[in-house]
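Chain by chain, the residues run as shown.
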Amino acid sequence: MSTTENTDNRWDFRHEVSNRCGITLMNNQVGYVVAEVMREKPNSEVSEFPSMIRVDGTGRLEFVYEEFAEALGVEEFGTADLEEIMSTHYGRMIHVDDKTILVANPEDAAEELGFDLPVVQ
């Protein structure tokens with residue numbers, strides 16, 4: 001069944017580009033702290049559910065490991081720690097030494113990685 005009715009439900013399927021990216025975290029002690037750090041960032045929306053936490057944003061999200069380590073009171077936090085509490089993501093994910101970046105558009109990911117996407121005609 002298809003519908004042409006325009007609704008404001010964020011879970012509705014749409015045929016246009018959303019310019020959104022996000023991550024789903026486990027709702028445990030570490031996931032909760034990471035979500036709280038991300039809640040303070042502009043451009044980030046945090047939604048809590050019984051077994052998961054969603055962190056969504058428009059355009060770009062940066063998960064800076066040093067901020068998580070400080071909030072958790074641990075010496076180090078890295079890519080493996082983030083992946084341990086992450087169940088899924090959408091958008092293009094870029095891991096660098098000190099953070100994980102999620103971008104909504106492939107062009108932004110290509111720019112971040114330093115290569116050009118060829119124009120297709």
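First things first, this report covers the structure right here in the doc.

What counts and how
- Counting of residues starts from 1 at the beginning of each chain's written sequence and follows it residue by residue.
- A pLDDT threshold of at least 70 governs which residues receive local features in this predicted model, and a stricter bar of 80 or more applies before side-chain atom pairs are shown or counted, although totals over entire chains, interfaces and linings include all residues.
- Processing note: side-chain calculations cover all non-hydrogen atoms of the structure and skip hydrogens and water entirely.
- The pairing test for Phe, Tyr and Trp rings, Trp by its six-membered ring, is centres within 6.5 Å, and the orientation test on the planes gives stacked under 30 degrees, edge-to-face over 60, and tilted for anything in between.
- In this description a helix means any DSSP run of H or I spanning at least four residues, a strand means any run of E spanning at least two, and both kinds are numbered starting from the N terminus.
- Think of it in three bands: with a 1.4 Å probe and only protein chains considered, a residue is buried below 20% of the maximum accessible area for its type, exposed above 50%, and partly exposed in between.
- Every case where a carboxyl oxygen of Asp or Glu lies within 4 Å of a side-chain nitrogen of Lys or Arg is listed as a salt bridge.
- Polar contacts, as used here, are pairs of N or O atoms within 3.5 Å; protein pairs need one atom able to donate a hydrogen and one able to accept it. Residues neighboring in sequence count only if both atoms are side-chain atoms.
- Between any two strands, pairing holds if DSSP finds at least two bridges.
- Only the stretch in contact is used when a helix axis is fitted, and all axes are lines through C-alpha atoms; the angle between N-to-C directions ranges over 0 to 180 degrees.
- Two residues qualify as a contact provided that any one of their heavy atoms is within 4.5 Å of a heavy atom in the partner residue.

What the rule picks out here adds up to three aromatic pairs. Ring centres of Y65 and F77 lie 6.1 Å apart, and the angle between their planes is 45 degrees; on these two criteria the pair is classed as tilted. One end of the pair, Y65, is in helix α2 (residues 65-72); the other, F77, is in the loop between α2 and α3 (79-85), and 12 residues separate them in sequence. Judged by relative accessible area, Y65 falls into the buried class, the value being 3%.

Close approach of charged atoms allows side chains with opposite charge to pair. Enumeration according to the criterion identifies seven salt bridges in this entry. Of the charged contacts in the structure, one is a salt bridge between R20 and E45, with a shortest N-O distance of 3.4 Å. Here R20, found in strand β1 (residues 20-26), pairs with E45, found in strand β2 (residues 44-48); they are 25 residues apart in sequence, far enough to count as distant. R20 gets classed as partly exposed once you look at its relative accessible area, which sits at 21%. Where K41 meets E67, a salt bridge forms, and the shortest distance between an N and an O atom there is 2.9 Å. Here K41, found in the loop between α1 (29-39) and β2, pairs with E67, found in helix α2; they are 26 residues apart in sequence, far enough to count as distant. In this structure E67 comes out as partly exposed when scored by relative accessible area, which is 34%. Put simply, E36, R39 and E48 are held in one network by salt bridges that share partners.

In the structure, K41 is positioned 71 residues away from E112 in sequence and 20 Å away in space, judged by C-alpha atoms. Here E67 takes part through its side chain, which lies 2.9 Å from a polar atom of the side chain of K41.

What follows deals with the pairing of strand β7 (residues 99-103). Judged by how many residues are buried, β7 sits mostly within the fold: four of five residues are covered. Bridge count for strand β4 (residues 60-64) against β7 is five bridges, and the pairing is antiparallel. The residue of β7 that forms the bridge with E62 is I101. Looking at chain direction, strand β6 (residues 92-96) and β7 are connected through five bridges and run antiparallel.

Picture the strands of a sheet paired through backbone hydrogen bonds; they go either parallel or antiparallel. Read across the open sheet, the three strands follow the order β4-β7-β6; overall the sheet is antiparallel. Of all strands in the sheet, those with a lone pairing partner are β4 and β6, marking the two edges. In this sheet, neighbouring strand axes are inclined to one another by 15 degrees on average, regardless of whether the strands run parallel or antiparallel. Here helix α4 (residues 106-113) sits on the sheet in contact with β4, β6 and β7, set at roughly 15 degrees to β6.

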